[in-house]
Amino acid sequence: MKIAMIGLGKMGANMTRRLLNHGHEVAVYDLNLDSVAQLAGEGAQAAASLEDLVKLLPAPRAVWLMLPAGVIVDNTLAELGKLLSPGDAIIDGGNSYYKDDVRRAAQLKTQGIDYLDVGTSGGTWGIERGYSLMIGGDTTPVQRLEPIFAALAPGRGDIPATPNRRDSNSTAEQGYLHCGPVGAGHFVKMIHNGIEYGLMQAYAEGFNILRGAASEALADGYRYDFKVDDVAEVWRRGSVIGSWLLDLTAQALAEDPELSQYSGYVTDSGEGRWTVQAAVEEAVSAEVLTAALFARFRSRQEHTFGEKMLSAMRQQFGGHIEAAKEG
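What comes next concerns the included structure. (Residues numbered from 1 in each chain as written. Predicted model: local features only at pLDDT ≥ 70, side-chain atom pairs only at ≥ 80, totals over all residues. Heavy atoms only, no water.)

Here we look at the nonpolar core
- In terms of nonpolar packing, the biggest core is built from 31 residues, with M5, W64 and F149 touching the most fellow members.
- Top contributing element to this core by residue count: helix α1 (residues 10-21), with five residues.
- With 23 residues, the next largest nonpolar core counts V228, A232, L245 and A312 among its residues. (Core = buried A, V, L, I, M, F, W, Y, C linked by side-chain atoms within 4.5 Å. Buried < 20%, exposed > 50% of the residue type's maximum accessible area, 1.4 Å probe, protein only. Helix = DSSP H or I, 4+ residues; strand = E, 2+ residues; numbered from the N terminus.)

Next up, the structure:
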């Protein structure tokens, strides 16, 4: 298939490469001309404008957005709405708010343009590991674009089947899933990221306690000087809390056991807040996820080893660079 990719940052560029590696054609556009030129050199078709980009695509067209959530998405959709035709599809693969998806889909539907929201997880490692895709939208465009989703997703790989799982036609075992109507994909991804906050916070607090076991404030005989990088490594092998996130934690500690390159200033990109907001709207308890979000707020005031651990994990799995300290 042929598809357009708008937004060639850490995710968009590698998703383009993965699609090219799987035999798909990709036309690319970004305000950063160097990024466009780089991917053109790797086999993508370069476009100098959104208008040029649309002209490179056969009908029915498919345009994938990997842009920061918010106004930039709305502005891009407004421009594309003037250029696309009925039957074309726009896929928002960024971390947009699901309520915005519902509004945008309704607006585009009046023009006959399909809108899909696709929660995309995989970070900077997705080009090798594949991307977990959570898809929202109407069934017809989802089915039409299934070759794209299958190429981006990890596939079954060597992960064993879940015992007692009912045999079905679900694509979940392939790493992509049509979760429901418009907004459903980003809703599932929103909760995914809320859980991610909680998991990261649990690891960070645990390692902080391990490191604190060497404190002079503790009584003699109850003081331990743990090598936290070795603890992370042993937990990776056979423990109940093993995970890819722990693998990345071990990698960060192997590179810098003191995490001296991190300040502990931890940002949040919106999904954690939206998850807590959804819990409030549903009157559902979410103590751990809420506490993890608030811990990120506090990290911007004072920094502990645990918060440095959060920054280290974010850089390892997603290439996130710490923001400059406020003030």
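What about the packing of aromatic side chains?
- Counted under the stated rule, the structure contains nine aromatic pairs.
- Summarising the aromatic geometry, the rings of F294 and F297 are spaced 5.8 Å apart at their centres and angled 35° between planes, so their arrangement reads as tilted. Of this pair, F294 and F297 both sit in helix α13 (residues 287-299), three residues apart, which is roughly one turn of that helix.
- Since its relative accessible area comes to 29%, F297 is described here as partly exposed.
- Taken together through their ring pairs, the aromatic side chains of Y97, Y98, F187 and W274 make up a single cluster.
- Positioned above the aromatic ring of W244, the side-chain terminus of R129 is 3.9 Å from the ring centre.
- Above the face of the Y197 ring, R296 is positioned so that its terminal group lies 3.6 Å from the ring centre. (Phe/Tyr/Trp six-rings, centres within 6.5 Å; stacked < 30°, edge-to-face > 60°. Lys NZ or Arg CZ within 6 Å of the ring centre and 35° of its normal.)

Quick notes on the side chain of R314
- Turning to its location among the elements, R314 is positioned in helix α14 (residues 305-318).
- A distance of 3.2 Å separates a polar atom in the side chain of R314 from a polar atom in the side chain of T267. (Polar contact = N/O pair within 3.5 Å; in protein donor to acceptor, adjacent residues only side chain to side chain.)

Points about the pairing of strand β6 (residues 114-121)
- Counting buried residues in β6 gives seven out of eight residues, a clear majority hidden from the surface.
- Of the pairings in the sheet, the one linking strand β5 (residues 89-92) to β6 comprises four bridges and is parallel in character. Residue D92 lies in a different strand from β6, and its bridge partner there is D117.
- This β-α-β element, β5 to helix α5 (residues 98-109) to β6, shows right-handed connectivity.
- Bridge analysis of β6 against strand β7 (residues 132-136) gives five bridges, and the strand direction is antiparallel. By the bridge assignment for β7, D117 is matched with G136. (Pairing = 2+ DSSP bridges. Right-handed = clockwise from strand over helix to strand, strands pointing away.)

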